[in-house]
Amino acid sequence: MTKPVCYSTKAFSAASATSALSATTIERRQPTPSDVQIQILFCGVCHSDLHYARNEWAFTQYPAVPGHEIVGRITAIGTGVKKFKVGDTVGVGCLVDSCRTCPNCREGLEQFCDAGMVGTYGATEKHLGTPTLGGYSQSIVVTEDFVLRMPANLDLAAAAPLLCAGITTYSPLRHWKVGPGHKVGIVGLGGLGHMGVKFAKAFGAHVVLFTTSASKVADGKRLGADEVVISTDAAQMTAQAGRFDFVLDAVSATHDLNAYLNLLKRDGNLVLIGAPEKPLPVAAFPLLMRRRSLSGSLIGGLPETQEMLDFCGQHNITCDIEMIRMDQINTAYERMLKSDVKYRFVIDMKTLA
Ligand code: NAP
Ligand code: ZN
Ligand code: ZN
């Protein structure tokens with residue numbers, strides 16, 4: 001394969017695990033026949049961006065350009081592109097390619113590609129052999145099969161976090177068929193958690209939010225929770241023990257999983273979607289006693305991500321966001337670490353001009 005010609009685009013990157021993000025210029029490939037080039041309008045700020053920028057998962061390649069909740073407008077298309085045209089409003093989530101031939105890819109579960117999905121950042125760019133660089137930039141080039149259509153009725157900035165926070169919560173709730181008659185716990189009211197509350201409510205479950213932040217009780221109810229439990233209050237936790245069919249844990253930091261396993265009924269399932277830096281100890285007895293399960297879930301494949309976007313279009317579901325300028329990203333990270341975001345920062349990418 002001959003290497004495509006590249007062009008330069010502005011971006012924000014981290015030079016090391018301890019350095020602040022700052023302005024830079026990066027190289028992207030010119031669109032190959034199957035590619036679209038997207039002018040990025042908005043990019044959500046996922047806690048994974050912070051984990052990655054600071055090498056908390058120990059696979060960061062520097063300079064690192066995070067960002068995988070991307071919405072924008074197509075500015076150029078390759079000669080073979082069939083699904084999109086210049087001017088279309090589109091989204092790009094956490095993955096930009098995969099092998100496309102393994103059983104998981106054939107089932108539309110590209111996030112579990114046997115050859116390893118190509119993440120929007122931190123993977124290897126197939127054409128250039130260089131690290132993939134994410135959405136904190138003015139433009140991106142992506143093969144058309146990994147580009148999503150944005151519903152026309154949704155506010156684009158508020159829809160951007162659907163590309164990760166949305167699909168990461170939608171997918172496990174759908175996979176485990178959460179719906180009417182189920183009692184569902186959502187742990188952590190951050191970017192993922194607030195979408196978990198919205199989707200679980202939209203699917204008809206009885207939703208209980210578990211939060212460490214007393215200041216989020218009213219918001220939790222406004223977002224759709226039937227009950228809100230302050231998880232640091234032992235009496236409130238004990239009162240909920242053994243009652244849940246399903247708990248979705250979206251916490252970004254070290255916390256006691258056993259306290260949430262104890263919430264489950266017989267055969268109940270605790271699904272981890274949070275990805276804390278350090279391992280979380282699990283005691284045997286909370287699992288053994290009621291034949292409980294502990295599971296995990298990773299984002300979602302392309303077909304399900306489009307299904308989720310279409311569902312949001314039909315039901316008018318978007319994220320609660322706070323818009324920031326690109327140069328506010330370092331402050332935004334510090335605030336995210338203090339759980340001080342309601343409930344997703346979104347970067348207005350024209351501020352990178
Ligand atoms: P976020 O917006 O920072 O939300 C995390 C929430 O966790 C906070 O708002 C807080 O909620 C709670 N929390 C934080 N520190 C805590 C602590 N020490 N103890 C208990 N609760 C704490 O983060 P996010 O963007 O939603 O991401 C959450 C996690 O999911 C991250 O680890 C991220 O990397 C991961 N993630 C995984 C996937 C996947 O595919 N599985 C996809 C995207 C992100 P309260 O204030 O309500 O307590
Ligand atoms: Zn994410
Ligand atoms: Zn594959």
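All of the points below concern the structure found in this document. (Residues numbered from 1 in each chain as written. Chains lettered and ligands numbered in written order. Predicted model: local features only at pLDDT ≥ 70, side-chain atom pairs only at ≥ 80, totals over all residues. Heavy atoms only, no water.)

### Details of the packing of aromatic side chains
Turning to step 1, where the next piece is worked out: Throughout the structure, instances matching the rule amount to 12 aromatic pairs.
Turning to step 2, where the next piece is worked out: Seen from their ring centres, Phe199 and Phe203 are 6.1 Å apart, and the 20° between their planes marks the pair as stacked. Grouping residues by exposure puts Phe199 and Phe203 together as buried.
Turning to step 3, where the next piece is worked out: Taken together, the ring pairs connect Tyr52, Trp57, Phe59 and Tyr121 into an aromatic cluster.
Turning to step 4, where the next piece is worked out: Its guanidinium or amino end placed over the ring of Phe203, Arg174 lies 3.8 Å from that ring's centre, counting from NZ or CZ.
Turning to step 5, where the next piece is worked out: In this structure, Arg174 is placed above the aromatic ring of Phe311, and the distance from its NZ or CZ to the ring centre is 5.3 Å. (Phe/Tyr/Trp six-rings, centres within 6.5 Å; stacked < 30°, edge-to-face > 60°. Buried < 20%, exposed > 50% of the residue type's maximum accessible area, 1.4 Å probe, protein only. Lys NZ or Arg CZ within 6 Å of the ring centre and 35° of its normal.)

### Digging into the site of ligand 1
Turning to step 1, where the next piece is worked out: Neighbouring ligand 1 are 30 residues, the closest being Thr211, Thr212, Ser213, Lys216 and Arg344.
Turning to step 2, where the next piece is worked out: Between ligand 1 and the protein, one listed contact pairs an oxygen atom with a backbone N or O atom of Gly191 at 2.9 Å.
Turning to step 3, where the next piece is worked out: Between ligand 1 and the protein, one listed contact pairs a nitrogen atom with a backbone N or O atom of Ser297 at 2.9 Å.
Turning to step 4, where the next piece is worked out: Looking at the shell around ligand 1, the elements that each hand over two or more residues are α1 (47-53) and α5 (191-202).
Turning to step 5, where the next piece is worked out: In terms of residue count, α1 provides more of the shell around ligand 1 than any other element does, three residues in total.
Turning to step 6, where the next piece is worked out: Residue composition of the shell around ligand 1, by class: 13 nonpolar, 15 polar and two charged.
Turning to step 7, where the next piece is worked out: Residue-level mapping places the shell around ligand 1 at the junction of two domains, with at least three residues from each of domain 1 (6-164 + 320-351) and domain 2 (165-296). (Near = heavy atom within 4 Å. Polar contact = N/O pair within 3.5 Å; in protein donor to acceptor, adjacent residues only side chain to side chain. Helix = DSSP H or I, 4+ residues; strand = E, 2+ residues; numbered from the N terminus. Nonpolar A, V, L, I, M, F, W, Y, C, P; charged D, E, K, R; others polar. Domains from an automatic or database assignment.)

### Overview of the sheet that holds strand β11 (residues 206-211)
Turning to step 1, where the next piece is worked out: The strand order across the open sheet formed by six strands is β12-β11-β10-β13-β14-β15, and the pairing between neighbours is parallel. Of all the strands in the sheet, the pair left with one neighbour each is β12 (227-230) and β15 (293-296). Neighbour-to-neighbour, the strand axes of this sheet turn through a mean angle of 20°, independent of strand direction.
Turning to step 2, where the next piece is worked out: Relative to β12, β11 is paired through four bridges, and the arrangement is parallel. Bridge pairing links Val208 to Glu227 in β12.
Turning to step 3, where the next piece is worked out: Each of β10 (183-187), β13 (244-249) and β14 (264-272) touches helix α4 (residues 165-175); the most contacted strand, β13, lies at about 160° to it.
Turning to step 4, where the next piece is worked out: Packing against the sheet, α5 makes contact with β10 and β11, and its axis sits at approximately 165° to β10. (Pairing = 2+ DSSP bridges. Axes fitted to C-alpha atoms, helices over the stretch in contact; angles between N-to-C directions. Contact = heavy atoms within 4.5 Å.)

### With respect to the coordination of the zinc ion (ligand 2)
Turning to step 1, where the next piece is worked out: At the metal site, the zinc ion (ligand 2) is ligated by Cys46 (SG), His68 (NE2) and Cys164 (SG), and these contacts range over 2.0 to 2.2 Å.
Turning to step 2, where the next piece is worked out: Taken in chain order, the donor set of the zinc ion (ligand 2) reads C-x21-H-x95-C. With Cys46 in the loop between β3 (35-44) and α1 and Cys164 in the loop between α3 (156-159) and α4, this pair connects stretches of sequence that are 118 residues apart. Here Cys46 and Cys164 have matching classes, each one buried. (Donors = N, O, S within 2.8 Å, 3.2 Å for Na, K, Ca; no water.)

### A word on the pattern of salt bridges
Turning to step 1, where the next piece is worked out: Throughout the structure, instances matching the rule amount to 23 salt bridges.
Turning to step 2, where the next piece is worked out: As a salt-bridge pair, Arg149 and Asp88 come within 3.9 Å of each other at their nearest N and O atoms. Taken as a pair, Arg149 in strand β9 (residues 148-149) and Asp88 in the loop between β4 (70-77) and β5 (89-92) lie far apart in primary sequence, 61 residues in all.
Turning to step 3, where the next piece is worked out: Judged by relative accessible area, Arg149 falls into the partly exposed class, the value being 38%.
Turning to step 4, where the next piece is worked out: Asp88 gets classed as buried once you look at its relative accessible area, which sits at 11%.
Turning to step 5, where the next piece is worked out: Here Arg222 makes a salt bridge to Asp219, at a shortest N to O gap of 3.3 Å. Residue Arg222 and its partner Asp219 are both found in helix α6 (residues 217-223); the two are separated by three residues, about one turn of the helix.
Turning to step 6, where the next piece is worked out: The exposed category is assigned to Arg222, whose relative accessible area is 52%.
Turning to step 7, where the next piece is worked out: The exposure class of Asp219 is buried, given its relative accessible area of 15%.
Turning to step 8, where the next piece is worked out: Bridged by salt links that share partners, the residues Lys83, Asp97, Arg100, Lys126 and Asp145 form one connected network. (Salt bridge = Lys/Arg side-chain N within 4 Å of Asp/Glu carboxyl O.)

### Focus: helix α11 (residues 329-337)
Turning to step 1, where the next piece is worked out: Along α11, the positions that sit buried rather than exposed are Ile329, Ala332, Tyr333 and Met336. All buried residues of α11 fall inside an arc of 105° around its axis, so they share one side.
Turning to step 2, where the next piece is worked out: Buried residues in α11 make contact with β1 (6-14), β2 (21-29), α1, β16 (321-324) and β17 (344-348).
Turning to step 3, where the next piece is worked out: Immediately downstream of α11, the backbone of Ser339 shows phi near 55°, a positive value. (Arc of directions from axis to C-beta.)

### Description of the packing of α4 against helix α10 (residues 302-315)
Turning to step 1, where the next piece is worked out: Contact geometry for α4 and α10: axes closest at 10 Å, N-to-C directions at 100°. Between α4 and α10, the interaxial angle falls into the category roughly perpendicular. When α4 is examined against α10, the residues Gly166, Ile167, Tyr170, Ser171 and Arg174 are found in contact with a partner set consisting of Glu304, Thr305, Glu307, Met308 and Phe311.
Turning to step 2, where the next piece is worked out: The residue makeup of the contact of α4 with α10, split by class, is four nonpolar, three polar and three charged. (Parallel < 35°, antiparallel > 145°, perpendicular 65-115°, else oblique.)

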